[in-house]
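# Examining the three-dimensional arrangement
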Amino acid sequence: MPRSTSGSPRAIPSKQAKLLNCIAITILSLIVLVGLIVLIIWLVVRPKGLAYTIEEGSIHGYDLKDNRLNATFDFVLRSSNPNGKVSLYYDYIKVSVSYDDETIAFDLVEPFFQPRRNVTRYEVKPVARSVPLMGSLAKNIRRERSSGKFVFEVRVKARIRFKVGIMKLRRRTLRVLCSPVVVHMSSSKGFDWTRCDIDL
Ligand SMILES: *[C@@H]1O[C@H](CO)[C@@H](O)[C@H](O)[C@H]1NC(C)=O
Ligand SMILES: *[C@@H]1O[C@H](CO)[C@@H](O)[C@H](O)[C@H]1NC(C)=O
């Protein structure tokens, strides 16, 4: 009785199987190699020390009626990129102001390119127009109003790309939280710089 072909593994397989093996190993090595190169480049140039600070902050046109808030904010954000080899594309930037975890205003910033070792300042003016507040929130904000200062949180959410030499890396989301941001009713009180936390 002749055996089935699967029963005689030694007849033809050698050449084809060897070739397939060879191709598989080559492809695998290439993948590992490329991965290693990317990892090494990343470790060498990994962007460090991006920093955000709010340098100025004020509020205008505050008005609260029937639990609806009108206000215009004015912030100057300082974004610092101390890296010597990495520059950044800011493709989308949204700056929002929240009070007791409720977002009450936001503003979008024009996309920009930040060179290496650069500090860029930009101004944002988030506007709250007839924003409905829950009763407790309205009460708190009224109390702060009469004390002459508000405590807000400012968040930046940005879509960024790192550029290393001529290489542009994939898009990532940068999240910045500045809290507490103390804003005085009266502009003569000045503004204390607020350092922000960065999550990348
Ligand atoms: C807020 O502004 C809108 C439009 O500018 C106005 O219609 C509304 O009455 C204002 N609300 C308050 C509470 O001042
Ligand atoms: C940072 O880069 C921006 C945009 O290229 C430029 O206008 C600004 O002068 C630079 N600032 C510093 C401190 O180099």
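Residues numbered from 1 in each chain as written. Chains lettered and ligands numbered in written order. Predicted model: local features only at pLDDT ≥ 70, side-chain atom pairs only at ≥ 80, totals over all residues. Heavy atoms only, no water.

### Overview of the pairing of strand β2 (residues 68-81)
Our working rule: Exposure classes here rest on a 1.4 Å probe applied to the protein chains alone. A residue is buried below 20% of its type maximum, exposed above 50%, and partly exposed in between. Under the DSSP-based scheme used, a helix requires at least four consecutive residues in state H or I and a strand at least two consecutive residues in state E, with every element numbered from the N terminus. Following DSSP output, two strands are said to pair if at least two bridges run between them.
Burial runs high along β2: 10 of the 14 residues are buried. In the sheet, strand β1 (residues 51-65) pairs with β2 via 12 bridges, with the strands oriented antiparallel. By the bridge assignment for β2, Gly57 is matched with Phe75. Two successive antiparallel strands, β1 and β2, enclose a turn made up of 2 residues, where Asp66 displays a positive phi of approximately 50°. Note that β2 and strand β7 (residues 127-132) share 4 bridges and pair antiparallel. Note that in β7 the partner of Ala71 across the bridge is Ala128.

### Remarks on the site of ligand 2
Operational definition: Nearness is defined per residue: one heavy atom within 4 Å of the molecule or strand is enough. We define a polar contact as two N or O atoms separated by no more than 3.5 Å, with the added condition that, inside protein, one atom must be a possible hydrogen donor and the other a possible acceptor, whereas residues neighbouring each other in sequence contribute only through side-chain atom pairs. The Shrake-Rupley method, run with a 1.4 Å probe, gives the accessible areas here. Residue values count only the displayed protein chains as cover. Under the grouping applied here, Gly and all other residues not named as nonpolar or charged are polar, the nonpolar ones being Ala, Val, Leu, Ile, Met, Phe, Trp, Tyr, Cys and Pro and the charged ones Asp, Glu, Lys and Arg.
The full set of residues close to ligand 2 is Pro115, Asn118, Val119 and Thr120. Asn118 is positioned with one of its side-chain polar atoms (N or O) 2.4 Å from an oxygen atom of ligand 2. In this structure, Val119 approaches ligand 2 through a main-chain N or O atom, which is 3.4 Å from a nitrogen atom. Relative to its unbound accessible area of 360 Å², ligand 2 is 36% covered by the protein chains. Residues belonging to the shell around ligand 2 are distributed by class as follows: 2 nonpolar, 2 polar and no charged.

### Points about the domain arrangement of the protein chain
Selection criterion: Where each domain starts and ends comes from a domain assignment, either automatic or drawn from a database.
On domain assignment, one finds that the protein chain holds domain 1 (9-45) and domain 2 (51-199). Its C-alpha centre places domain 1 at a distance of 49 Å from the equivalent point of domain 2.

### Some points on the UniProt feature "domain: Late embryogenesis abundant protein LEA-2 subgroup" (unreviewed entry) in the protein chain
Using the following cut-off: UniProt positions are given in the numbering used here, feature names are shortened, and annotations may be inferred rather than shown by experiment.
Here, the residues flagged by UniProt with the feature "domain: Late embryogenesis abundant protein LEA-2 subgroup" (unreviewed entry) are residues 77-174. Helix makes up 13% of residues 77-174 and strand 65%, and the two end C-alpha atoms of the span are 15 Å apart.

### As for helix α2 (residues 135-147)
Each α-helix turn comprises 3.6 residues. Residues three or four places apart therefore point the same way. Stated formally: Expected helix span is given by 1.5 Å per residue-to-residue step, counting one fewer step than there are residues. Whether two residues are in contact is decided by their heavy atoms: any pair within 4.5 Å suffices.
Relative to the 18 Å expected for 13 residues at 1.5 Å per residue, α2 spans 19 Å between its end C-alpha atoms, a close match to the ideal helical length. Those residues of α2 that are buried are in contact with β1, β2, β3 (86-99), β4 (102-109) and β8 (149-164). Gly148, located one to two residues past α2, shows a positive phi value of around 90°.

### With respect to the site of ligand 1
Close to ligand 1 lie Asp63, Lys65, Arg68, Asn70 and Ser130. In this structure, Asp63 approaches ligand 1 through a side-chain N or O atom, which is 2.6 Å from an oxygen atom. At a separation of 2.4 Å, an oxygen atom of ligand 1 approaches a polar side-chain atom of Asn70. Relative to its unbound accessible surface of 360 Å², ligand 1 loses 53% to contact with the protein. At the level of elements, β1 and β2 are the ones that each hand at least two residues to the shell around ligand 1.

### A short note on a nonpolar patch on the surface
Stated formally: Exposure above 30% relative accessible area and no salt bridge define the residues that can form patches, which grow by joining like charges within 9 Å and nonpolar side chains of Val, Leu, Ile, Met, Phe, Trp and Tyr within 5 Å. Here a salt bridge means any side-chain nitrogen of Lys or Arg lying within 4 Å of a carboxyl oxygen belonging to Asp or Glu.
There is a patch of nonpolar side chains on the surface, built from Val32, Leu36, Leu39, Ile40, Leu43 and Val44 and spanning about 550 Å² of accessible area. Looking at where Leu43 falls in the secondary structure, it is placed in helix α1 (residues 13-45). Given the relative accessible area of 47%, Leu43 is considered partly exposed.

### Remarks on the state of the cysteines
Applied cut-off: Disulfide assignment relies on a single distance test, namely cysteine sulfur atoms paired within 2.5 Å.
On inspection of all chains with the given rule, the structure shows 1 disulfide. The disulfide bridge from Cys178 ends at Cys196, spanning 2.1 Å between sulfur atoms. An S-S torsion of about 100° defines the bridge between Cys178 and Cys196 as right-handed. Here Cys178 is found in strand β10 (residues 172-184), whereas its partner Cys196 is found in strand β11 (residues 194-199), with 18 residues between them in sequence. Owing to a relative accessible area of 0%, Cys178 belongs among the buried residues under this scheme. Judged by its relative accessible area of 12%, Cys196 falls in the buried class.

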